[in-house]
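Here's the letter readout for the chains.
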Amino acid sequence: MRDDAQRWDARHAGADDVGPLPPDLLRGREDLLPAGGRALDVACGRGAVSRWLAARGFAVDAVDVSPVGLSAVGPGVRTVLHDLDDGLPPSCTGPYDVVVCQRFRDPRLYPQLAASLAPGGLLVITVLSEVDEGPGPFRAPAGELRAAFAGLDVLVDVEQDGEAGLVARSAG
Ligand SMILES: C[S@@+](CC[C@H](N)C(=O)[O-])C[C@H]1O[C@@H](n2cnc3c(N)ncnc32)[C@H](O)[C@@H]1O
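Criteria and thresholds
- The numbering scheme is per chain: residues are counted from 1 as the chain's sequence reads.
- Reporting of local features is limited, given that this is a predicted model, to residues whose pLDDT is at least 70; pairs of side-chain atoms are given and counted only at 80 or more, and all residues count toward the totals for whole chains, interfaces and linings.
- As a rule here, side-chain values cover all heavy atoms of the structure and leave hydrogens and water aside.
- The rule for a salt bridge is simple: a side-chain nitrogen of Lys or Arg has to be within 4 Å of a carboxyl oxygen of Asp or Glu.
- Comment: elements are numbered from the N terminus, with helices defined as DSSP H or I runs of at least four residues and strands as E runs of at least two.
- Partly exposed residues are those whose accessible area sits between 20% and 50% of the maximum for their type, while under 20% is buried and over 50% is exposed, using a 1.4 Å probe and protein chains only.
- Definition of nearness: a residue and a molecule or strand are near each other if at least one heavy atom of the residue lies within 4 Å of the molecule or strand.
- Definition of a polar contact: a pair of N or O atoms within 3.5 Å, with one able to donate and the other able to accept a hydrogen when the atoms are protein atoms, and with sequence-neighbouring residues admitted only if both atoms are side-chain atoms.
- Exposure was quantified through the Shrake-Rupley algorithm and a 1.4 Å probe, taking into account, for residues, occlusion by the shown protein chains and nothing else.
- Computed over the protein atoms alone on a 1 Å grid, cavities are sets of points where a 1.4 Å probe fits but cannot get out and pockets are open sets with protein on both sides within 12 Å along at least five of seven lines; a residue lines them when it has an atom within 4 Å of a point.
- For a molecule to be placed in a cavity or pocket, more than half of its atoms must lie within 2 Å of the grid points of that cavity or pocket.
- Each residue is assigned to one of three groups, with Ala, Val, Leu, Ile, Met, Phe, Trp, Tyr, Cys and Pro labelled nonpolar, Asp, Glu, Lys and Arg labelled charged, and all others, Gly among them, labelled polar.
- Only rings of Phe, Tyr and Trp enter the pairing, Trp through its six-membered ring, and a pair is recorded when the two centres are within 6.5 Å. The plane angle decides the type: under 30 degrees is stacked, over 60 is edge-to-face, the rest tilted.
- By definition, being over a ring means that NZ of Lys or CZ of Arg is both within 6 Å of the ring centre and within 35 degrees of the ring normal.
- When DSSP locates at least two bridges between a pair of strands, those strands are taken to pair.
- Whether a crossover is right-handed depends on one test, that the path from the first strand over the helix to the second runs clockwise when the strands point away from the viewer.

Undergrad: Can you tell me about the pattern of salt bridges, naming the residues and giving the values?
TA: Inspection of the entire model under this criterion finds 11 salt bridges. For Arg 38, the salt bridge goes to Asp 61, with nearest N and O atoms at 3.4 Å. Placement of the pair is Arg 38 in strand β1 (residues 38–42) and Asp 61 in strand β2 (residues 59–64), with a sequence separation of 23 residues. For Arg 38, a relative accessible area of 31% corresponds to the partly exposed category. The class of Asp 61 is buried, set by a relative accessible area of 6%. Across the pair Arg 105 and Glu 144 runs a salt bridge, and its minimum N-O distance is 2.7 Å. Of this pair, Arg 105 sits in the loop between β4 (96–102) and α4 (110–115) while Glu 144 sits in helix α5 (residues 144–148), and the two are 39 residues apart along the sequence. For Arg 105, a relative accessible area of 24% puts it in the partly exposed group. On the accessibility criterion, Glu 144 (15% relative accessible area) is buried. Linked by salt bridges that have partners in common, Asp 24, Arg 27 and Arg 103 make up one network.

Undergrad: Give a description of the site of the ligand that names residues and reports values.
TA: Surrounding the ligand, one finds 16 residues, the nearest of these being His 12, Ala 43, Asp 64, Asp 83 and Gln 102. Between Val 65 and the ligand, the recorded distance is 3.2 Å, taken from a backbone N or O atom to a nitrogen atom. Summarising the interface, the protein chains cover 87% of the accessible area of the ligand, which totals 600 Å² for the free molecule. Counting atoms within 2 Å of the grid points, the majority share of the ligand lands in the largest pocket. Broken down by element, the shell around the ligand gets its largest block of residues, 3 residues, from helix α1 (residues 2–13). By residue class, the composition of the shell around the ligand is 6 nonpolar, 5 polar and 5 charged.

Undergrad: Can you explain the packing of aromatic side chains? Please cite residues and give values.
TA: Scanning the model with the defined rule gives 1 aromatic pair in all. Ring geometry for Tyr 110 against Phe 149: centres 5.2 Å apart, planes inclined by 55 degrees, an arrangement best described as tilted. Note that Tyr 110 is positioned in helix α4 and Phe 149 in the loop between α5 and β6 (153–160), a separation of 39 residues in sequence. With respect to burial, Tyr 110 and Phe 149 carry one shared label: buried. Over the face of the ring belonging to Tyr 96 we find Arg 38, whose NZ or CZ atom lies 4.4 Å from the ring centre.

Undergrad: Summarise the pairing of β2; cite the residues concerned and give the values.
TA: Here β2 lies mainly inside the structure; 5 of its 6 residues are buried. Here 5 bridges tie β1 to β2, and the two strands are oriented parallel to one another. Its bridge partner being in β2, Leu 40 is matched across the sheet by Asp 61. Tracing the backbone out of β1, into helix α2 (residues 48–55) and back to the parallel element β2 gives a crossover that is right-handed. Sheet analysis places β2 next to strand β3 (residues 77–81), joined by 5 bridges and oriented parallel. Across the sheet, the residue bridging to Asp 61 is Arg 78, located in β3.

The structure is reproduced here in structure tokens:
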């Protein structure tokens, strides 16, 4: 946690404020979003997606290891300082109507992310991928997300140019 927090604090401290912004994979697909409820933003960074969800009426829990990142999230979102190496925080196990995990990869979390969805809940996840890029320590092998979330109904599946992502819904 110490290393991740310090490294990411430095990056977030130098970043410009952006957003609110929809998750990348929901741009132009906002109709997939449930009408409301609870949302979880995993490794939320400075909270652009959290703020976007909150503006749409979701009660948002936003988790990150970086105090500097969380300090930028702003009002209307519950921030949780937590090292995801330890799994999801005990206070953030769901059920959630929306779970977003964007630009953060930890395959050990995948079962917990799926289990945290409410019936009919929507998962939006993106990771770096080896596809079109080659191996790297933070990159998912081809098909990793599809295999991990095979129990969900996959609505959007992209895997190209070094990125992979899924939008998927749990059984209603
Ligand atoms: C590439 S940023 C993505 C931020 C945001 N999800 C987005 O799409 O803009 C990765 C985030 O993961 C967080 N992070 C890295 N390691 C972490 C850990 N072990 N536990 C919790 N958060 C972590 C960083 O602080 C950073 O905010």
